[in-house]
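Summary of the model geometry
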Amino acid sequence: MSRIFIRDFSTKCLQIQPTFSCLCVVAIHAILREKRVYFANRRGSRSHANCEKKAASTALALMHRYTDNLVLLNKMSRLAREELRHFEQVIKIMAARDITYEPLSASRYAQGLHKGVRRQEPGRLIDTLIVGALIEARSCERFARLAPELDKELGDFYFSLLKSEARHYSDYLRLAESLASEGNLADRLEYFRGLEAELVQSEDTEFRFHSGPVPPRH
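Computed from a prediction, not measured in an experiment: that's the story for all the values here.

**Points about the overall build of the protein chain**
Within the protein chain, the secondary structure is distributed over 8 helices and 0 strands. Start at the N end of the protein chain and walk to the C end: the helices and strands fall as α-α-α-α-α-α-α-α. Looking at the protein chain residue by residue over its 218 residues, the buried ones come to 50%. Of all intrachain contacts in the protein chain linking residues separated by at least 6 positions in sequence, the fraction that spans at least 24 positions is 77%. For the protein chain, the accessible surface area stands at approximately 11,000 Å², while carbon and sulfur atoms represent 53% of it.

Put into structure tokens, the structure is as follows:
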């Protein structure tokens, strides 16, 4: 697959073309006001920290499972280090704000995406990499959308994460590209876009970093 395909996909992730109407910008615009409050409170900080830790653990799990793929090993090693560094930065901010870190259960978003992963190789790895790319792209997008709505410290921190998050989803896609034909990868991307559309546009019971709209409590 060409670099143009990956660049076009990345651009669509961030700019939200009309053909990409399924993406989470729909949910973001619907709940941005609530999210602004949410990300200032304890649960929002914990959700962000949990996402960074989970991203690192996913990269390490791939390294343990696919020990013969040197390109994957190198990219996931770097990704895991960066995500753990982000985790450390988040919990440092939390400590400064007198917020204790507590682990959270898996989000509906990530669980829903992983349910679509095939069980046989190489499909399993290809799908796992696509899921990783989508999660990283959504993280990048939400950082960019949320940063201007937050206080200066959090806003600056979120903006500082954009470059690495953008590189992470590109790394995941390039790894998937190396294992799949162009047609097969395009088909799987479309499948997971549709799955994600349902997840980000359907209601959630609680706010998480990748949650869909949460109905107001009366």
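**Points about the confidence of the model for the protein chain**
Of the residues in the protein chain, 78% reach a pLDDT of 70 or more, and the chain-wide mean stands at 80. Taken element by element, the protein chain is modelled with least confidence in helix α1 (residues 3-15), mean pLDDT 42, and with most confidence in helix α4 (residues 70-96), mean pLDDT 95. Scored below 50 in pLDDT, residues 1-38 shows 82 contacts in the model against residues more than four places distant or in partner chains.

**A word on helix α6 (residues 123-146)**
With 24 residues, α6 extends 34 Å between its outermost C-alpha atoms, agreeing within 8% with the 34 Å of an ideal straight helix rising 1.5 Å per residue. Among the 24 residues of α6, 21 are classified as buried, and the element is accordingly described as predominantly covered.

**A word on the layout of surface pockets**
Here the largest pocket defines a volume of roughly 520 Å³. Taken together, the elements giving at least two residues each to the lining of the largest pocket come down to α3 (42-65), α5 (108-114), α6 and α7 (152-177). Top element by residues in the lining of the largest pocket is α3. It accounts for 8 residues. For the lining of the largest pocket, the class distribution of residues is 11 nonpolar, 12 polar and 6 charged.

**Points about empty space enclosed by the protein**
Counted under the stated rule, the structure contains 1 cavity of 30 Å³ or more. If you add up the space inside the largest cavity, you get close to 100 Å³. When contributions to the lining of the largest cavity are tallied by element, the ones reaching two or more residues are α3, α4 and α7. Partitioned by chemical class, the residues of the lining of the largest cavity number 9 nonpolar, 2 polar and 1 charged.

**Some details on the pattern of salt bridges**
For the structure on display, the rule yields 12 salt bridges. A salt bridge links R78 to E82; the shortest N-O distance between them is 3.4 Å. Residue R78 and its partner E82 are both found in helix α4; the two are separated by 4 residues, about one turn of the helix. Here the salt bridges share partners, and the residues they tie into one network are R78, E82 and R167.

Reading the values: the criteria
- Residues numbered from 1 in each chain as written.
- Predicted model: local features only at pLDDT ≥ 70, side-chain atom pairs only at ≥ 80, totals over all residues.
- Heavy atoms only, no water.
- Helix = DSSP H or I, 4+ residues; strand = E, 2+ residues; numbered from the N terminus.
- Buried < 20%, exposed > 50% of the residue type's maximum accessible area, 1.4 Å probe, protein only.
- Contact = heavy atoms within 4.5 Å.
- Areas by Shrake-Rupley, 256 points an atom, 1.4 Å probe, with all protein chains shown as cover.
- pLDDT = per-residue confidence, 0-100.
- Expected span 1.5 Å × (residues − 1).
- 1 Å grid on protein atoms, 1.4 Å probe; cavity = no way out; pocket = protein on both sides within 12 Å on 5 of 7 lines; lining within 4 Å.
- Points joined across faces, edges and corners; volume = space filled by probe spheres on them.
- Nonpolar A, V, L, I, M, F, W, Y, C, P; charged D, E, K, R; others polar.
- Salt bridge = Lys/Arg side-chain N within 4 Å of Asp/Glu carboxyl O.

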